[in-house]
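The lines below spell out each chain.
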Amino acid sequence: MTGTRPNTPRIRVLIADDQPLVRRGLSLILSPDPSFEVVGEAEDGAQAVALARRLRPDVVVMDIRMPVLDGVGATGELTATVPGCRVLALSTFDMDEYVVGALRAGACGFLPKDSSPEDLSTAIRTVHAGEAVVAPRLLTRLISTYVRVPHGASQPLPTDLGELTPREVEVWRLMATGLDNAEIAHALHISVSTVKNYITSIFGKLDVRDRAQAVIAAYESGLVTARAATGSPRGDGNTA
């Protein structure tokens, strides 16, 4: 168990899942850890949005498939109306098109429900710190499976693509094919810190909030294709 430093605010967590046993299980995992404070539980997306507006949690652990309002719709509403709240999406399945919808709507990460308690705790801390939680290779598999350019034709690249330098376009392309920061650095013979600087600039120029949205934009624009991702070097990758 990871403790907190004295006077360090706990991470306020709201749990949203339509299954009472899942909600209780997640709460029992998080509550003993002094890093976290479970401030509420919601049984559907609409209730999650209402509670988040009232309780102002730092992180909402959001099941993707729920009645009344699913996790995708709830994530979109939270992103628009509670901007300080970050969403960690949960799904029973690794490959779930709803996950892509949640990432597009503003979720900061995704975790399968069979993840370990340690992975859950780490993911919540990572999301709270402002980083994205999806293994790069899994992110690419998800997006290449479920994101399709309409009618099989490439859409125009973002109108502000001209603001990207050739090196930034290449970093974006490699990111979208599933390489993590260390692999991008190795491929381009630059440092990891330089890669991070490029990625920060890319996010700003594309007006996306994180790696997941940048990869979605790359597929929707036709910059990369599922075939390109399939042919990329293999690796495990960590958080994105």
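Just above, that's the structure.
Residues numbered from 1 in each chain as written. Predicted model: local features only at pLDDT ≥ 70, side-chain atom pairs only at ≥ 80, totals over all residues. Heavy atoms only, no water.

(A) Spatial organisation of the overall build of the protein chain. A count of helices and strands for the protein chain gives eleven helices and five strands. The 240 residues of the protein chain split such that 47% are buried. Sequence separation of at least 24 residues holds for 72% of the intrachain contacts in the protein chain that already meet a minimum separation of 6. If you sum the accessible surface of the protein chain, you get close to 11,500 Å²; carbon and sulfur atoms cover 52% of it. (Helix = DSSP H or I, 4+ residues; strand = E, 2+ residues; numbered from the N terminus. Buried < 20%, exposed > 50% of the residue type's maximum accessible area, 1.4 Å probe, protein only. Contact = heavy atoms within 4.5 Å. Areas by Shrake-Rupley, 256 points an atom, 1.4 Å probe, with all protein chains shown as cover.)

(B) Fine view of the sheet that holds strand 5 (residues 109–112). Sheet architecture is open: five strands sit in the order 2-1-3-4-5, paired in parallel fashion. A strand with exactly one partner marks an edge of an open sheet, and here the two such strands are strand 2 (36–42) and strand 5. Adjacent strand axes in the sheet meet at a mean angle of 25° when their direction is disregarded. Where strand 4 (residues 86–91) and strand 5 come together, four bridges link them in parallel fashion. When the sheet's bridge partners are listed, L90 is paired in strand 5 with L111. Helix-sheet contacts for helix 5 (residues 117–128) involve strand 1 (11–16), strand 2, strand 3 (59–63), strand 4 and strand 5, and the interaxial angle to strand 4 is about 150°. (Pairing = 2+ DSSP bridges. Axes fitted to C-alpha atoms, helices over the stretch in contact; angles between N-to-C directions.)

(C) The environment of S31, seen in detail. Looking at the secondary structure, you find S31 in the loop between helix 1 (20–30) and strand 2. On the basis of relative accessible area, S31 is assigned to the partly exposed category, the value being 40%. In this structure the side chain of S31 is engaged in a polar contact, spanning 2.8 Å, whose partner is the backbone oxygen of S27. (Polar contact = N/O pair within 3.5 Å; in protein donor to acceptor, adjacent residues only side chain to side chain.)

(D) The arrangement of the pattern of salt bridges in detail. Tallying each qualifying case throughout the model produces eleven salt bridges. Salt-bridge contacts for R12 lead to E37; the nearest nitrogen and oxygen are separated by 3.8 Å. A residue pair is termed long-range when its members are at least 10 positions apart, and R12 in strand 1 and E37 in strand 2 qualify at 25 residues. On the basis of relative accessibility, which here comes to 25%, the residue R12 falls in the partly exposed class. Two residues, R53 and E77, come together in a salt bridge whose shortest N-O distance is 3.5 Å. On the criterion of sequence distance, the pair formed by R53 in helix 2 (residues 45–55) and E77 in helix 3 (residues 71–81) is long-range, its members being 24 residues apart. Here the salt bridges share partners, and the residues they tie into one network are R10, R12 and E37. (Salt bridge = Lys/Arg side-chain N within 4 Å of Asp/Glu carboxyl O.)

(E) Molecular detail of helix 9 (residues 192–206). The terminal C-alpha atoms of helix 9 lie 21 Å apart, and with 15 residues this matches the ideal 21 Å at 1.5 Å per residue to within 8%. Along helix 9, the positions that sit buried rather than exposed are V195, I199, I202, F203 and L206. Each buried residue of helix 9 sits inside an arc of 100° when the element is viewed along its axis, so together they form one side. Summarising the geometry of helix 9, the exposed residues directed more than 90 degrees from the buried face are N197, T200 and G204. Residues of helix 9 that are buried sit in contact with helix 7 (166–176), helix 8 (181–188) and helix 10 (211–221). Backbone geometry just after helix 9 places D207 at a positive phi near 60°. (Expected span 1.5 Å × (residues − 1). Arc of directions from axis to C-beta.)

(F) Here's a closer look at the packing of helix 7 against helix 10. It is at 9 Å that the axes of helix 7 and helix 10 come closest, and there the two elements cross at 95°. It follows that helix 7 is roughly perpendicular to helix 10 by the angle criterion. Mapping the contact onto sequence places W172, M175 and A176 in helix 7 and R211, A214, V215, A217, A218, Y219 and S221 in helix 10. Classifying every residue of the contact of helix 7 with helix 10 by side-chain character gives eight nonpolar, one polar and one charged. (Parallel < 35°, antiparallel > 145°, perpendicular 65-115°, else oblique. Nonpolar A, V, L, I, M, F, W, Y, C, P; charged D, E, K, R; others polar.)

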